[in-house]
Structure formats: structure tokens, C-alpha cells
Amino acid sequence: MANMADDVTKSYQREETRYLKEELDVLNTAAATGQVNRTWAVINKIAGKNKANNNKVRKSDGTQIKKHTKDLLSEWQAYFKDLLNAEPVHPLKLPDPAEEDLPINTDPISREEIEIAIRRLKSGKAAGLDNSTTPDILKYGGSFMRETIHTICSKVFSEKIALSQLKTNLIIPIPKKDINLTSMSNYRGITLMSVAAKIYNRVLLDRIRPIVGPYLRNNQAEVIVKAIRILYDGSKSAVLVEGELTKEFPTDTGILQGDVLDPFLFVIVTDYVLSISIKDSGFTTHPRRSSRAPAQILSDLEFADDIALCESTLEGARSQLLDVSEAARSTWILTKHLTAYLNSYHTNCLRIILVIKRLDNVTNTTLYNLSHQSALTQTIQKRQLRWVGHILRKPTNEPLNIYALYPPLHGRRKQGRQRLLYPEYIGRLVSPDFLLSPLEIRRIAQDRREWEKLVSACCAVD
């Protein structure tokens, strides 16, 4: 493992040397031709003078840090330590463990599981505290790399003890746009997690998701719970400021940023909170007609980490918010104006990238051909259709399927608001010549191949 790290380090050094030689060639050419601005730009680039100066940051008491000292590192460490170890507002009330464990696989981690997890890593991502171990190194580093990761993950799973590199994360402060950079609260901390830890958690995710998923909204094997907690119990972080690390500090709250388990853990907790809080609350979309046709109630809408609670009355909404507090994309319509705005922005970007001026009289069609791209709105609409087709093929009792093409039966459109309803918008995308009803759209969507043909033929709708 050490030899491999040395080889990677030497490779990076060779690339850095090559980069400096190229920049020096540019510098010599600029100096020889009298390009003063270009010359100094290259000099500043090599010297690193164009980098953001983090010394603007002030201490928590408002006093200025004159130069890069240990004080700056200490201030960043104290800031993120307080931020990531906030005390809970209400005492924690965790549910009791289930009487019986779910049939989750608790066998030793296999080589095949590691192979699958490595293939699903996103390329081009930065490494964490394990430095040279990047997704690309693991993907293309050969069988030795994969066998090494398999050995590490298997040992962590069986012995329930994780290496410090797997439990320690790097935090990089990134300034927010166009605001005062003297306050640390105006910086967003981006966390780099160990790639080996991501692989380990991907294996756990692949084991628990198929088993736990069907139980959501309608407890876990003890071994798996302990396996997940290995990387969370005693986890630490360190802030990376101008190439220097602060002292490590414990992080006791939240979940690890960049962890593949994060979304699913979030879904599990959110589902539990909503299941015990909203109960019979919600907005009645279809009134009760008979015992065989009961009322249909929409209690909440969820997308990523956003939740919208639905209610019919203000009092009901207040009550639902109180219950929740105690307990714990693809749907926008492209109007003519928005279509023109997005496509104009897209073509402007393409002209900048391809160094094509407007005076060159290059049409948008030629621009798309040169860049091998289509209009941005066409890409958006194709994704919208794929999303609609996906949810229309879900079980008919799922809220996503029920309300995908739901025409509002209440309220009225305000003056100046969009006239085109979402079901009509999707109908026009599917069939520009004549409008299809929601029932016809549902019927077509059941045939995946037929639907994909429609998606491929999709063009922008005026």
C-alpha cells in the first residue's frame, strides 16, 4: 500500500513539473513578444497570488488576524467544532428496537460486493484523509487495489473497529458569493470523506435498501446497525486552510457529508418522523363518494431534503407543524419566456466556450452541431418525460403515481399566472399534434420501449 502511494505521489510530481514547464514556455513567449499583462498574469498564477486570501477572516470577537498563524487554524477549528456539535433542542426520544431482526445479509463482505461498490463510485472526486486513494485510482488501479480495499472493509466489518483515516474527514471552507468574507459564518464547509469509507458504506447500503425500503411509511438487523455505527462513533474532522490542517476535533451530530448512506438514512428518519406525526392530517384531493370510494388525502410531498406538508385549513396546518416539530425538478412548466431565456443562456455559454463572437454570424443550429449538443430546453423536457414515465409505472397506490397527472379540482387561476396545466403540458410533449388525456398518457407509459421512443422524439414545445 505504501509503495503504491509513493508511486502516485511521484506521478503527481511529474505532472506538476510538466505543468510548470508549459507555463514557463508561455511566460517566455509573452515576455519575448512584449505582452506585459500576460507576462504578469502567468507570474502571479505560478506564484499563487491569485488565490483567495483567507486572512481576511476575523476572530469570533471581531479582532483581525494580521497574518497566517496558528490563531487562524485555531479559530477555524473552534468554529466548525461548535457548528458540528450543536446540542439538540429537545431531548432525543429514539424508538424501541424491533422485536425481530429483518432478513438483512450479515455475512462477511465479499469481493463481488466491493467490485460493485467501486464501479459505482463517481470519477473525478477528491480524496479525503487517505490522500492518493481516489475513485479513479481504485477503478483503474488493478486487482491489487481492489483486493486491498476488500481486506480493509472486511476487517472493519468483522472486527467492528475502523481505521482513523476512515473516521476522519477534511473540511474545506468555501466562501459564499458576494458577501462579507470576514465572518466565518459566511463560509460553507465542504467535507471530503475517505473513499474507502464510501465503498464500505455502499456495500451496507446495497444490503439494507432492498429489505428496509418496502417497510417505509406503511428494525434493522443488529449486526448492520453496529456496522454502520463504526464510522460514526468517534468520528472526527479537521479543517484544511491554505494547505494546512487544524487539530482534529470530534463531530458528534449530523451525518457524514458525501456518505452514500446519507440519503437513505435521511429517508428512514424522515419517514419515521412523518409516520408518527401527520397521522390523518392532509389535504383532501378526492372527497369520499362511498365506502368503496373513500376520500383520498395528500398529507405531504417530499423531494430530496425538501418536505411540503399539506393541509386544508390554517388551523390544521399549524397543528401538523406542531406535531412534526415535536416528533422530530422535473415538474416545472417551460413557458415561452422561460424557454427563450434558458436557450439564450445556453447558446451564450457555448459561444464563450467555442470562442465564437456574435459578429461571426454563426447560427444556433451550427453552434449545436459544433458542440454536439441540442437545445437546453429539449434536454430538460426529455428528462421530464423520463421522470413522468418512471413514476407512472410505479404501483397505482403510490402517491407519486396518483398525483403525477392530477388536475386540480379546487381554486382558480390568478390573473397573469400560467394557463397551461402540468397534465396538458406533458400531453403536448408526448403528442404535439393533438392533446392526450391523462388516461392515454398513463396507458402509453406502461410500455417502456414505446415511451422511450416518445422521449427520443421529444422536441421543444412553444
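If you're wondering where the values come from, they're calculated on a predicted model, not measured in any experiment.

K.L.:
Can you explain the overall build of the protein? Please cite residues and give values.
P.N.:
Helix and strand counts for the protein stand at 18 helices and 9 strands. The buried share of the protein, reckoned over its 462 residues, is 35%. Only carbon and sulfur atoms are counted for the fraction: they give 54% of the accessible area of the protein, which is about 29,900 Å².

K.L.:
Which residues make up a nonpolar patch on the surface, and what values do they have?
P.N.:
A surface patch of nonpolar side chains, amounting to about 310 Å² of accessible area, comprises Y19, L20, L24 and I46. It is helix α1 (residues 2-32) that provides the largest number of residues to the nonpolar patch, a total of 3 residues. Looking at where L20 falls in the secondary structure, it is placed in helix α1. L20 sits in the partly exposed class, given a relative accessible area of 33%.

K.L.:
Describe the packing of helix α16 (residues 422-430) against helix α17 (residues 438-445), and please don't skip the residues or the numbers.
P.N.:
Running from amino to carboxyl end, α16 crosses α17 at an angle of 50 degrees, the nearest separation of the two axes being 10 Å. Put simply, α16 runs oblique to α17. Handedness of the crossing formed by α16 with α17: left-handed. Facing P423, I426, G427 and V430 of α16, the residues of α17 in contact are P438, I441 and I444.

K.L.:
Outline the packing of helix α14 (residues 376-392) against α16, supporting the account with residue identities and numerical values.
P.N.:
Packing of α14 against α16 leaves a shortest axis separation of 11 Å and a crossing angle of 110 degrees. With respect to each other, α14 and α16 are oriented roughly perpendicular. Residues Q381, Q384, L385, W387 and V388 of α14 lie in contact with α16, whose contacting residues are Y422, Y425, I426, L429 and V430. Residues that form the contact of α14 with α16 fall into these classes: 8 nonpolar, 2 polar and no charged.

K.L.:
Got a sec to walk through the packing of aromatic side chains? Specific residues and values, please.
P.N.:
Applying the stated criterion to the full structure yields 4 aromatic pairs. Geometrically, the ring pair formed by W76 and F80 is stacked, given 5.9 Å between the ring centres and 20 degrees between the ring planes. One end of the pair is W76 and the other is F80, both in helix α3 (residues 70-83) and 4 residues apart, which spans about a single turn. In this structure, W76 and F80 share a single accessibility class: buried. Geometrically, the ring pair formed by Y79 and F80 is edge-to-face, given 5.1 Å between the ring centres and 75 degrees between the ring planes. Exposure remark for Y79: the relative accessible area of 21% places this residue in the partly exposed category.

K.L.:
Can you break down the pattern of salt bridges residue by residue, with the values?
P.N.:
Per the counting criterion, the structure on display carries 8 salt bridges. Close ionic contact of D206 with R120 constitutes a salt bridge, the shortest N to O distance being 3.1 Å. Note that D206 is positioned in helix α8 (residues 195-212) and R120 in the loop between α4 (111-119) and α5 (135-140), a separation of 86 residues in sequence. By relative accessible area, which is 26% here, D206 ends up partly exposed. Notably, a salt bridge pairs R386 with E452, separated by 3.1 Å at the nearest N-O pair. Residue R386 is found in helix α14, and its partner E452 is found in helix α18 (residues 448-456); the two are separated by 66 residues along the sequence. Through salt bridges that share partners, R111, E115, R146 and E147 make up one connected network.

K.L.:
Please provide a residue-by-residue account of the nonpolar core, values included.
P.N.:
Core analysis: the biggest nonpolar cluster contains 22 residues, and I426 and W451 have the highest contact counts within it. Of all the elements in the fold, those that place two or more residues in this core are α14, α16, α17 and α18. A total of 6 residues in this core trace back to one element, the largest contributor, which is α14. By size, the runner-up hydrophobic cluster in this structure holds 21 residues, among which are I149, C153, A197 and L204.

K.L.:
So, α17: which residues are in play, and what are the values?
P.N.:
Within the sequence span of α17, burial applies to I441, I444 and A445. Angular distribution of buried residues about the axis of α17 spans 100 degrees; they occupy a single face of the element. Residues L439 and R443 are exposed on α17 and point more than 90 degrees away from its buried face. Looking at the buried positions of α17, the neighbouring elements they touch are α14, α16 and α18.

The rules behind each value
- Residues numbered from 1 in each chain as written.
- Predicted model: local features only at pLDDT ≥ 70, side-chain atom pairs only at ≥ 80, totals over all residues.
- Heavy atoms only, no water.
- Helix = DSSP H or I, 4+ residues; strand = E, 2+ residues; numbered from the N terminus.
- Buried < 20%, exposed > 50% of the residue type's maximum accessible area, 1.4 Å probe, protein only.
- Areas by Shrake-Rupley, 256 points an atom, 1.4 Å probe, with all protein chains shown as cover.
- Patch = residues over 30% accessible without salt bridge, like charges linked within 9 Å, V, L, I, M, F, W, Y side chains within 5 Å.
- Salt bridge = Lys/Arg side-chain N within 4 Å of Asp/Glu carboxyl O.
- Axes fitted to C-alpha atoms, helices over the stretch in contact; angles between N-to-C directions.
- Parallel < 35°, antiparallel > 145°, perpendicular 65-115°, else oblique.
- Left-handed = near helix turned anticlockwise from the far one by under 90°.
- Contact = heavy atoms within 4.5 Å.
- Nonpolar A, V, L, I, M, F, W, Y, C, P; charged D, E, K, R; others polar.
- Phe/Tyr/Trp six-rings, centres within 6.5 Å; stacked < 30°, edge-to-face > 60°.
- Core = buried A, V, L, I, M, F, W, Y, C linked by side-chain atoms within 4.5 Å.
- Arc of directions from axis to C-beta.

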